[in-house]
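Residue strings, one per chain:
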Amino acid sequence: MTLKLDRGDRYRIPFENRTRDYTFVKQVAGGPLIFVDEITGRPTDFKPRDLAKMIADRVAIPLLSSNWIERIDVYALMDASAPHTSLETRKKILAAQEKVAEASMMHFYVVRFDAANGAYSTSRPGLAALVEHNYQAACRSGHLHRPSYSALYRALQKGVPHQRWLSDLISKRGAHSKRKWSDAWVVERLEKAVEHFYSNGNPKPPQLHEVVTTFLAEAILEDRRRSVNGEPSLKYPKKTALENFIRGEETPERLARRDPIVALRKYGGKAQGATADFPLQKVQIDQTQIDEWINIYDEDGNIEDRKRPWLVSILDVYSRMILAAILTFEEPSSYTVQLAIKQMLRPKLFLIDRYGRRKGATDGSGQPMAMTLDNAVENVGVSMRLLLGDAGIDMEVAPIGTPQAKAIVERCFHSYNQGLWHNAPGGIPYKPHAISARRLKPQEKAQWALDFATGVMWDWIVNVHHLRRNRSLEGIPARLWTEKVNDPMVGRSVSKRLDLFDVFCGHRKWLRIDGAGVIYDGHVFHHPKVTADFLKATLPLAKRSKGKLEVQAIVYPHDCSFITIIDPVLNRFVRLPNAKARFADGLTYPEAKSIRATDLKLDRDFVSEEELILAKYEYFKKLDMARAQERAERALRQAKKERRKAAEEELVIWELIDGDHIELGTIEPTIRGDAPYDVPQEMPAMARRTTHKPHKDLPRGGAKAKQTREINKRVKELCEETATQTDTKISVPTPPPQATGPLASIPVVENVASLLARLAADLD
C-alpha cells in the first residue's frame, strides 16, 4: 500500500501504556519517515511499511492535519450569490465549489471502496463495477456525475484505507505561482528595464519610478500604435506588477552592480542573532501597524471611522515570552514605548484575574538587564535615555536600516499576523496588490473595537503563543520561563522605581529649527516674531540667517495646531503655532493626514496616472531633444568660427570672368568724417588708408544740411548762367525807395521754355 503524507499530518500512536501525538516533518529519500513527538519535541523515525500497517489496523489514528485548511481554496467557502459580488469573483467561487463537489463525489466512492474490504479491485472492470453498484445511492446523495476510471484510480492513491480526507481529494489543476507575459515586445522591454535598473549608473543608478515610467510610456504608445494598425492590443504589466517583477529579478550580482553596500549587507555573511542565558537578560521592543481595521464608535454606538492601530510589543529573547503588548491608535512615540515598559515592569494582574496562573503563561513581567530598541527619534531621545538609565536598564540601539538586529521581535509580529490579525474580521491577509486583484474590501468587514481587539490579542498570547512549542527554541515559552524564574539561582529582577515610569513624559522629539520654523510630520510651525526671538536667544548673530538648531519639542498627537519647543538658554517653553492655522485648528495628526490623502486622491482623479506618465515621457523627450539641438548649434557655431578664422588667415584671390565691372578709386576720409561725399558701406575698413577709425554716420541733421547746400549751390549756378546770357532779355525793376537788401538781386525769367530745357539737359 502506497503511503503519501503531507507536512503537518498528525497521528496518535500508543506509547508505554499511553498515547502520544506525532507530527510528520519529512521523509528521507529511500529511508524512514521523520515525525516529531509533540511532548518531548524529539524526532522519531517510522518505517513507511510499519506505519501503513498500523494505520490499516487502526493502531495509528490520524488526527486533523494542522494545515488542512490550506488545501481548500478560500473561494470555495464564499457565497457566489452574495450582493455586490463581481463577475470575476463569482467565476472563481463557482470554479472552486465545482472542485469541492467533484472531491465530495470521489470521497463517496472511495469510502464505499474501503467499506467493501477488497470486494472490488483497482482494475478498470473492478472500478466500473463499483460505480455501477453504488450509482443509485450516489444520485440520492446528490452526485449525479459518473467519475472516470483514471480520476477514481488517482483518488484511491491518496490517503490510506478507512482514513480518507476530503481536502486530499480536491483537485489542484490550474494553480500557478508566477505570472508571465508571452508577448515578444513585452519580454524584450522587461529585460531592458531590469538591466537598466540594476546598472552602475552615472553618477547614480536610476530610481525605480523612472524605469517604470519609461516602460509604461513606451507600452502605452505601442498599444496605441497597434490599435491604429488594427493589431491585437498589447498585454503588458501595470505599475505594481512591474515593480514587483523588477524587484523579483534581483540577484546578488545585479544588486552588487547597483548598490555594493546593500548587496554586502543582504547577501554577505550572517552574524549570530541575539541570545540570552536566562529570562530578562535581553529584551527587544518594536512597533508596527497591525494588518487589521478597527472600528471607532461614538457614544451612541455608531461607527465614526476605521483605522489600523499600532502595536507596541516587548519580547524576551531567552523564552520568547511576550512581556508587553500595547494596542493603540497613537503614532509611534516615546509615550507609547513608555506605556509598554510600564506594562512589562508590573505583574499582569488583569491576566491573572482572567486566566489564572495558566502554567506561567500570565507571569511575563520584570525588569530586564538590557533592552534593544529601534533607532528612531522617539526611542533615543533624552527623556528615554534618562528614564531607562535611572531605572538601571542598559539601552542598546539597533543600527539604522538593519531590521535583522531585532529579528526576534520582527518574527513575533509575523506570528501575530498569521495567528490573529489575518483571520480576524477586517483583517488584511494579503499584500495591497493582491487585495486589489481579489477585489477584497477588508475595511468594510471590520467588526471589532479597540478594547475587544486587545482582549482577543491577550487571549491568543496566553492560550496559544505562550503554550505553543517554539521551533527555534525547541521548547514551550511558558515552560522555559517558569523553569528559570522559579530557579533560586536565577530568579527574577524587579524594578524598585516603578513610580518613575508613572510620570507622564509626553511625546518628546528632537527637531530642527531655522528662520522658517520647525517642520514635523508635514506640518510647518512658525511665527515670525516668536521664531526670531528664539533664534536671537539661542544662536549667535552670524548664524541666524542660515543656521539650524536642534531642539527638543513636545508634540501633542491630538492637536496639530501648535507645537512646544524647549529653550535651554532662557529655561522656558516656547509655543509655535501651525503656519496653516485655519487648516490645523481642531485636527489631530491622523485626521490631518487623512484630509491630505483625500486631497491627493482628488488630484489623481483629476489627472490620471496614465496622462501624467505620458506627460513626463514627452517632457523627457523634449528635454533630450533640446539638449541635443543645443549641442548641435554649439558645434555649428564653433565650425563657423573656425572657418571664418581660417578665411581671414589665407589670401583671397578673385577670379574674373567676362562681363565683370570693376571700379577703382581711393577715398580720403577727413578727420571729423564729415566729407561732402558718401562713403560706401560695403568698402572694407582695411582698405581705408588711415589710422583713424572711419566715421560710421553723419552728424545729427547732416543729411538735411547737405541737401540744403546742394540746392543753394545749384541756385547760385543758375543765377550766374542767367546773368551772362545775351539772347535773353532780363529787366530788373527799380525797387521802391524804402526797399533795400537782397530784394534788388532777385532775377526775373522771361523765357521759361529755354530755362527748363537747360535744366533738363543739366539734370541728365
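Just so it is clear, the structure is predicted and the values come from calculations on it, not from any experiment. (Residues numbered from 1 in each chain as written. Predicted model: local features only at pLDDT ≥ 70, side-chain atom pairs only at ≥ 80, totals over all residues. Heavy atoms only, no water.)

### Observations regarding the overall build of the protein
Within the protein, the secondary structure is distributed over 23 helices and 18 strands. Counting only contacts in the protein whose residues sit at least 6 apart along the sequence, the fraction spanning at least 24 positions is 61%. Carbon and sulfur atoms make up 54% of the accessible area of the protein, which totals about 49500 Å². (Helix = DSSP H or I, 4+ residues; strand = E, 2+ residues; numbered from the N terminus. Contact = heavy atoms within 4.5 Å. Areas by Shrake-Rupley, 256 points an atom, 1.4 Å probe, with all protein chains shown as cover.)

### Focus: the packing of helix H6 (residues 208–228) against helix H7 (residues 239–248)
Axis angle and axis distance: for two packed helices, these are the angle between their axes and the distance between the axes, and together they describe the pair. H7 packs onto H6 with a crossing angle of 125 degrees between their chain directions and a minimal axis gap of 10 Å. What the angle tells us is that H6 and H7 run oblique. Classified by chirality, the crossing of H7 by H6 is right-handed. Contact with H6, carried on its side by Leu208, Val211, Val212, Phe215 and Leu216, involves Lys239, Leu242, Glu243, Ile246 and Arg247 of H7 and no other residues of that element. (Axes fitted to C-alpha atoms, helices over the stretch in contact; angles between N-to-C directions. Parallel < 35°, antiparallel > 145°, perpendicular 65-115°, else oblique. Left-handed = near helix turned anticlockwise from the far one by under 90°.)

### Considering the pattern of salt bridges
In the structure shown here, the tally under the stated rule is 23 salt bridges. In this structure, Arg224 engages Glu610 in a salt bridge whose closest nitrogen and oxygen atoms are separated by 3.6 Å. One end of the pair, Arg224, is in helix H6; the other, Glu610, is in helix H21 (residues 609–649), and 386 residues separate them in sequence. Residue class for Arg224 comes out partly exposed when judged on its relative accessible area of 46%. Glu231 serves as the salt-bridge partner of Arg225, at 3.8 Å between the closest nitrogen and oxygen. Since its relative accessible area comes to 36%, Glu231 is described here as partly exposed. Among the charged side chains, a salt-bridge network with shared partners connects Asp183, Glu222, Arg225, Arg226 and Glu231. (Salt bridge = Lys/Arg side-chain N within 4 Å of Asp/Glu carboxyl O. Buried < 20%, exposed > 50% of the residue type's maximum accessible area, 1.4 Å probe, protein only.)

### Section: the nonpolar core
By size, the foremost hydrophobic cluster in this structure holds 31 residues, and its most contacted members are Leu311, Ala325, Leu327, Tyr416, Trp421, Met457 and Ile461. Secondary-structure elements contributing two or more residues to this core are strand E9 (310–316), strand E10 (322–328), helix H11 (349–355), helix H13 (407–421), helix H15 (450–465) and helix H16 (477–485). Counting residues in each nonpolar core, the second largest holds 24 residues, with Phe197, Tyr236, Ile613 and Tyr617 among its members. (Core = buried A, V, L, I, M, F, W, Y, C linked by side-chain atoms within 4.5 Å.)

### Describing the side chain of Glu222
Relative to the elements of secondary structure, Glu222 occurs in helix H6. In this structure Glu222 touches Trp185 and Leu234, once residues within four positions along its chain are discounted.

### A short note on the sheet that holds strand E6 (residues 282–289)
In space, the 5 strands of this open sheet follow the order E10-E9-E6-E11-E12, with mixed pairing throughout. The sheet is open, and its two borders are formed by E10 and strand E12 (394–397), each paired with just one other strand. Within the sheet, the average angular offset between the axes of one strand and its neighbour, ignoring direction, is 20 degrees. Note: E9 against E10, 6 bridges, orientation antiparallel. When the sheet's bridge partners are listed, Val312 is paired in E10 with Ile326. The strands touched by H15 within the sheet are E9 and E10, with E10 carrying the most contacts at an inclination of about 160 degrees. (Pairing = 2+ DSSP bridges.)

### A closer look at the pairing of E9
Within E9, 7 of the 7 residues are buried, which leaves the element mostly enclosed by the surrounding structure. Taking every second residue as pointing to the same face, both faces of E9 are buried, with Trp310, Val312, Ile314 and Asp316 on one and Leu311, Ser313 and Leu315 on the other. Taken together, the 7 bridges between E6 and E9 define a ladder with antiparallel strand orientation. Paired with Gln284 across the bridge in E9 is Leu315. The hairpin turn running from E9 into E10, its antiparallel successor, is 5 residues long, and Arg320 in that turn takes a positive phi close to 65 degrees.

### Remarks on the sheet that holds strand E5 (residues 61–62)
Spatial strand order, E4-E3-E2-E1-E5: 5 strands in an open sheet with antiparallel pairing. Of all strands in the sheet, those bounded by a partner on one side alone are strand E4 (43–46) and E5. Pairing of strand E3 (residues 33–37) with E4, which is carried by 4 bridges, proceeds in the antiparallel orientation. Considered in E4, the bridge of Val36 is made with Pro43.

### Quick notes on the packing of helix H2 (residues 87–115) against helix H3 (residues 124–140)
Contact pair H2 / H3: the axes reach a minimum separation of 10 Å and the direction vectors enclose 115 degrees. On the basis of the axis angle, H2 is roughly perpendicular to H3. The element H2 and its partner H3 pack so that their crossing is right-handed. Residues Phe108, Tyr109, Arg112 and Phe113 of H2 form the contact with H3, whose own contacting residues are Leu127, Leu130, Val131, Asn134, Tyr135, Ala137 and Ala138. Grouping the constituent residues of the contact of H2 with H3 by class yields 9 nonpolar, 1 polar and 1 charged. (Nonpolar A, V, L, I, M, F, W, Y, C, P; charged D, E, K, R; others polar.)

### Notes on the environment of Ala217
Summarising the element assignment, Ala217 is placed in helix H6. Excluding anything up to four places from it in sequence, Ala217 contacts Ile613, Leu614 and Tyr617.

### Let's talk about unusual backbone geometry
With a phi close to 65 degrees, Arg320 is a non-glycine residue in the positive phi region. Relative to the assigned elements, Arg320 resides in the loop between E9 and E10. Under the relative-accessibility criterion, Arg320 is labelled buried at 15%.

### Comments concerning H16
Every α-helix carries 3.6 residues per turn, so stepping three or four residues along brings you back to the same face. Within H16 the residues assigned to the buried category are Pro477, Ala478, Leu480, Trp481 and Val485. Each buried residue of H16 sits inside an arc of 165 degrees when the element is viewed along its axis, so together they form one side. Of the surrounding secondary structure, the elements contacted by the buried residues of H16 are E9, E10 and H15. (Arc of directions from axis to C-beta.)

### Comments concerning the confidence of the model for the protein
Summing up the model confidence of the protein, the mean pLDDT is 78 and the portion of residues at 70 or higher is 78%. Segment residues 502–506 is flagged for pLDDT under 50; beyond a separation of four residues in sequence, or across chains, it makes 6 contacts in the model. Contacts from residues 738–744, a stretch scored under 50 in pLDDT, to residues over four places away or in other chains number 1 contact. (pLDDT = per-residue confidence, 0-100.)

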